[in-house]
Amino acid sequence: MDVLSDVIAIMRTGEPRSARVELRAPWGQRFPAAPGSAGFQVVLQGSSRLLPPSGEPIMLSAGDVVFFPHGHGYVMADAPDTPIAECDHGPADPAPLFASASVDGPPTTVLLCGGYRLDPGLAHPILADLPDMIYLPARLGLRTEVRTAVELLGAEIRRPRLGADTVVSSLLDLLLLYILRAWFDAERGHCEVGGWARALADPGVSAALDAVHRDPAHPWTVQELGALAGLSRAAFSRRFSTLVGRSPLAYVTWWRLATAARLLRQSEAALGEIAARVGYGSEFAFATAFKREHGMAPGRYRREGCPVPAKEVLKT
């Protein structure tokens, strides 16, 4: 897969949740912080006043999308003086895959909201580059694919049919991908932008990243990756390290072991098979490298999951 597709596949765990909610003024709701998650709100009808984690309030109108990649809390209400209701359940409480809540009579506001659980031990560094909130206003020309995904998701939740569980889950992943794509496309328009937005916009570095993600088992060398990027070995190494935040081979190793962790979590493949799929010639070499990166042996990781905090995984 390409880099952005892999980021979504590796960082999300479990099934995403979503809801279509009809509201009648006056209404106000506090959405508490949910560490280890990401969430979004879309205004389908009417308007809403958003109090983000920091900064001034934002007036949202129909078609506006807000995404909270780090699970920060926020408040939404119809007006500045409306009392704010506290959430009566925690982010870890069980919830249906999707739900729809309506009011008697015509609503003043209709929201589409949802959330994704993230594995902090497998958080890709690209996530750390994202701001506390991504705001995609419809009036600035919301991308067609985002709008289409929102319309399909809202319609499916409002009137679920056969296969709705699969459709909604797939649309939620699609919406997440489109939101991130829209953000990175927008950031590429700023010459001062750095980090992963610039790395993905750089043709040479992006080509090397895609190659590593498509075939992590290949015995990559800096010279070979540099050739894919159309640069000398030294020039490529400097550019890659500057934009990605770690050397080319350090990133190759990290990605191999992150991929292995996902396979351990999501499949029943034998350790030797996983080792071969991520480029290790022996199970012993794989186990040694895995323990160095994740703090435990692969077998124990499969049984217990990864307790390593995200900040430990994201450090370079």
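Look above for the structure.
Presented here is an overview of the structure given in this document. The structure displayed is predicted, hence computed values, not measured ones.

Section: the overall build of the protein chain
Point 1. When its secondary structure is counted, the protein chain shows 13 helices and 10 strands.
Point 2. Put simply, 77% of the contacts in the protein chain that link residues at least 6 apart link residues at least 24 apart.
Point 3. Per element, the accessible surface of the protein chain, about 15100 Å² overall, is 54% carbon and sulfur.

Digging into the packing of helix α1 (residues 3-11) against helix α9 (residues 248-266)
Geometrically, a packed helix pair is captured by the angle between its two axes and the distance between the axes.
Point 1. The geometry of α1 relative to α9 is characterised by a closest axis approach of 10 Å and an angle of 45° between their N-to-C directions. Taken together, α1 and α9 sit at an angle that is classed as oblique. At the point where α1 passes α9, the crossing takes the left-handed sense. Only Trp255, Ala258, Thr259, Arg262, Arg265 and Gln266 of α9 make contact with α1, whose side of the interface consists of Asp6, Ala9 and Ile10.
Point 2. Here the residues of the contact of α1 with α9 are counted per class, giving four nonpolar, two polar and three charged.

Observations regarding the pattern of salt bridges
Point 1. Within this structure, the stated rule accounts for six salt bridges.
Point 2. A salt bridge links Arg239 to Asp202; the shortest N-O distance between them is 3.3 Å. You can see Arg239 sitting in helix α8 (residues 233-244) and its partner Asp202 sitting in the loop between α5 (195-201) and α6 (203-214), a full 37 residues away along the chain.
Point 3. Residue classification places Arg239 among the partly exposed positions, given a relative accessible area of 37%.

Thoughts on the sheet that holds strand β6 (residues 65-68)
Point 1. Strand order in this open sheet of six strands is β8-β1-β9-β3-β6-β10, and the pairing throughout is mixed. Taken across any chain shown, the strands that pair with only one partner, and hence form the sheet edges, are β8 (98-101) and β10 (134-136). Adjacent strand axes in the sheet meet at a mean angle of 10°, parallel and antiparallel pairs treated alike.
Point 2. Taken together, the seven bridges between strand β1 (residues 17-23) and strand β9 (residues 109-117) define a ladder with antiparallel strand orientation. Each residue of the ladder has a partner; that of Ser18, found in β9, is Gly114.
Point 3. Those strands touched by helix α3 (residues 144-158) are β1, β3 (37-45), β6, β8 and β9, and its axis lies near 80° from that of β1.

Examining helix α11 (residues 283-294)
Point 1. With 12 residues, α11 extends 16 Å from end C-alpha to end C-alpha; this agrees with the ideal 16 Å at 1.5 Å per step.
Point 2. For α11, the complete set of buried residues consists of Phe286, Ala289, Phe290 and His294. Along the axis of α11, the buried positions cluster into a sector of 110°, meaning they face one direction only. Residues of α11 that are exposed and point more than 90 degrees away from the buried face comprise Phe284, Lys291 and Arg292.
Point 3. The inward-facing, buried residues of α11 abut α9, α10 (271-277) and α12 (298-304).
Point 4. Phi turns positive one or two residues past the end of α11, at Gly295, with a value near 80°.

Focus on the side chain of Glu22
Point 1. Mapped onto the elements of the fold, Glu22 is located in strand β1.
Point 2. Among the polar contacts made by the side chain of Glu22, one reaches the side chain of Arg20 at a distance of 3.1 Å.
Point 3. Beyond its immediate stretch of four places on either side in the chain, Glu22 contacts Ala101, Ser102, Val103, Pro107, Thr109 and Val110.

Examining α1
Point 1. When you tally the buried positions in α1, you get seven out of nine residues, the bulk of the element.
Point 2. Restricting attention to buried positions, one finds in α1 the residues Val3, Leu4, Asp6, Val7, Ile8, Ile10 and Met11.

Quick look at the sheet that holds strand β7 (residues 74-77)
Paired through backbone hydrogen bonds, the strands of a sheet run either parallel or antiparallel to each other.
Point 1. Spatial ordering of the open sheet is given by β2-β7-β4-β5, a layout of four strands whose pairing is antiparallel. With one partner strand each, in any of the chains shown, β2 (28-31) and β5 (58-61) form the two edges of the open sheet. For this sheet, the mean angle separating the axes of adjacent strands, direction not counted, is 25°.
Point 2. Pairing geometry for β2 and β7, over four bridges, is antiparallel. Residue pairing in the sheet places Gln29 in a bridge with Met76 of β7.

About the criteria used
Residues numbered from 1 in each chain as written. Predicted model: local features only at pLDDT ≥ 70, side-chain atom pairs only at ≥ 80, totals over all residues. Heavy atoms only, no water. Helix = DSSP H or I, 4+ residues; strand = E, 2+ residues; numbered from the N terminus. Contact = heavy atoms within 4.5 Å. Areas by Shrake-Rupley, 256 points an atom, 1.4 Å probe, with all protein chains shown as cover. Axes fitted to C-alpha atoms, helices over the stretch in contact; angles between N-to-C directions. Parallel < 35°, antiparallel > 145°, perpendicular 65-115°, else oblique. Left-handed = near helix turned anticlockwise from the far one by under 90°. Nonpolar A, V, L, I, M, F, W, Y, C, P; charged D, E, K, R; others polar. Salt bridge = Lys/Arg side-chain N within 4 Å of Asp/Glu carboxyl O. Buried < 20%, exposed > 50% of the residue type's maximum accessible area, 1.4 Å probe, protein only. Pairing = 2+ DSSP bridges. Expected span 1.5 Å × (residues − 1). Arc of directions from axis to C-beta. Polar contact = N/O pair within 3.5 Å; in protein donor to acceptor, adjacent residues only side chain to side chain.

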